[in-house]
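Chain by chain, the residues:
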Amino acid sequence: MKFLIRKPYIIAEIGSNFNQDLKMGKKLIHEAKKCGADAVKFQLFNAMKLYPNNKKMFEIFKAIELRREWFLEFLDYAKKIKIDISASVFDVSSAKFISKLNVNFHKIASSELTNFKLVEILSKTKKPMFIST
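J.: Can you help me understand a positive patch on the surface in this one?
T.: On the surface, Lys49, Lys96, Lys100 and Lys117 cluster together to form a positively charged patch. As for its position among the elements, Lys96 is in helix α5 (residues 92-99).

J.: Teacher, can you tell me more about the packing of helix α4 (residues 68-81) against α5 here?
T.: Each pair of packed helices can be described by the angle between their axes along with the distance between the axes. At their nearest, the axes of α4 and α5 sit 12 Å apart, and the two run at 30 degrees to each other. Between α4 and α5 lies a crossing of right-handed hand. Counted together, Arg68, Phe71 and Leu72 of α4 and Ser93, Ser94, Phe97 and Ile98 of α5 form the full contact between these two elements. For the contact of α4 with α5, the per-class residue count stands at four nonpolar, two polar and one charged.

J.: For this particular structure, what's the right way to read unusual backbone geometry?
T.: Generally, phi is negative for residues other than glycine and the peptide bonds are trans, each holding for most cases. Even without a glycine there, the phi angle at Gln20 is positive, about 50 degrees. Checked against the element boundaries, Gln20 lands in the loop between β1 (11-15) and α1 (22-34). Although it is not a glycine, Lys82 adopts a positive phi angle of roughly 65 degrees. Position of Lys82 relative to the elements: it lies in the loop between α4 and β3 (84-89). Accessibility expressed as a relative area gives 67% for Lys82, which makes it exposed.

About the criteria used
- Counting starts from 1 at the beginning of each chain's written sequence and moves along it residue by residue.
- Only residues with pLDDT of at least 70 are given local features in this predicted model, and only at 80 or more are side-chain atom pairs given and counted; all residues enter the totals for whole chains, interfaces and linings.
- The side-chain values count all of the structure's non-hydrogen atoms but skip hydrogen atoms and water molecules.
- Patch construction takes residues with relative accessible area above 30% that form no salt bridge. Like charges are linked within 9 Å, and nonpolar side chains (Val, Leu, Ile, Met, Phe, Trp, Tyr) are linked within 5 Å.
- Each accessible area value is a Shrake-Rupley result obtained with a 1.4 Å probe; residue values ignore everything except the protein chains displayed when judging cover.
- The salt bridge definition used is simple: a Lys or Arg side-chain nitrogen within 4 Å of an Asp or Glu carboxyl oxygen.
- Only four residue types enter the charge count, namely Lys and Arg as positive and Asp and Glu as negative; His and the chain termini do not.
- Charged side chains are reduced to one point each, which is NZ for Lys, CZ for Arg, CG for Asp and CD for Glu.
- Each helix is a run of DSSP H or I of at least 4 residues and each strand a run of E of at least 2, with the numbering of both proceeding from the N terminus.
- Every axis in this analysis is a line fitted to C-alpha atoms, fitted for helices over the stretch in contact. Angles between the N-to-C directions lie between 0 and 180 degrees.
- With the far helix as reference, a near helix turned anticlockwise by less than a right angle produces a left-handed crossing, and one turned clockwise produces a right-handed crossing.
- Here a residue-residue contact requires only that any non-hydrogen atoms of the pair lie within 4.5 Å.
- We call Asp, Glu, Lys and Arg charged. Ala, Val, Leu, Ile, Met, Phe, Trp, Tyr, Cys and Pro are nonpolar, and the rest, Gly among them, are polar.
- Here's how the labels work: a residue is buried when its accessible area is under 20% of the maximum for its type, exposed when over 50%, partly exposed in between, all with a 1.4 Å probe on protein chains only.

Have a look at this one:
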């Protein structure tokens, strides 16, 4: 019997934890690469779409919302230093945005497991998909 042995695929979770600082985001990508991670992952969402009727939650999530133009810079930087990159998405507009980009994979958060529209949009890209349960 022959066994196929593969090394684990390590994804460094940056999420929204870069203090909304473009330089810090790039530094974390660089550090993930230095540590041997295969990929980095951010979070893309629209606070108003997630929490339109909850002022407190909206304010919290608006403060950590990743600007799409910054994600494009992170994408370029990750490609430059040869580390895979993607983002968890939490709304349809973010799914449509990322589906048009040259990311290496898609990630569905467990909270979005039944967001079938989001899953459908990302599945049409034919890229690998990680789904949390």
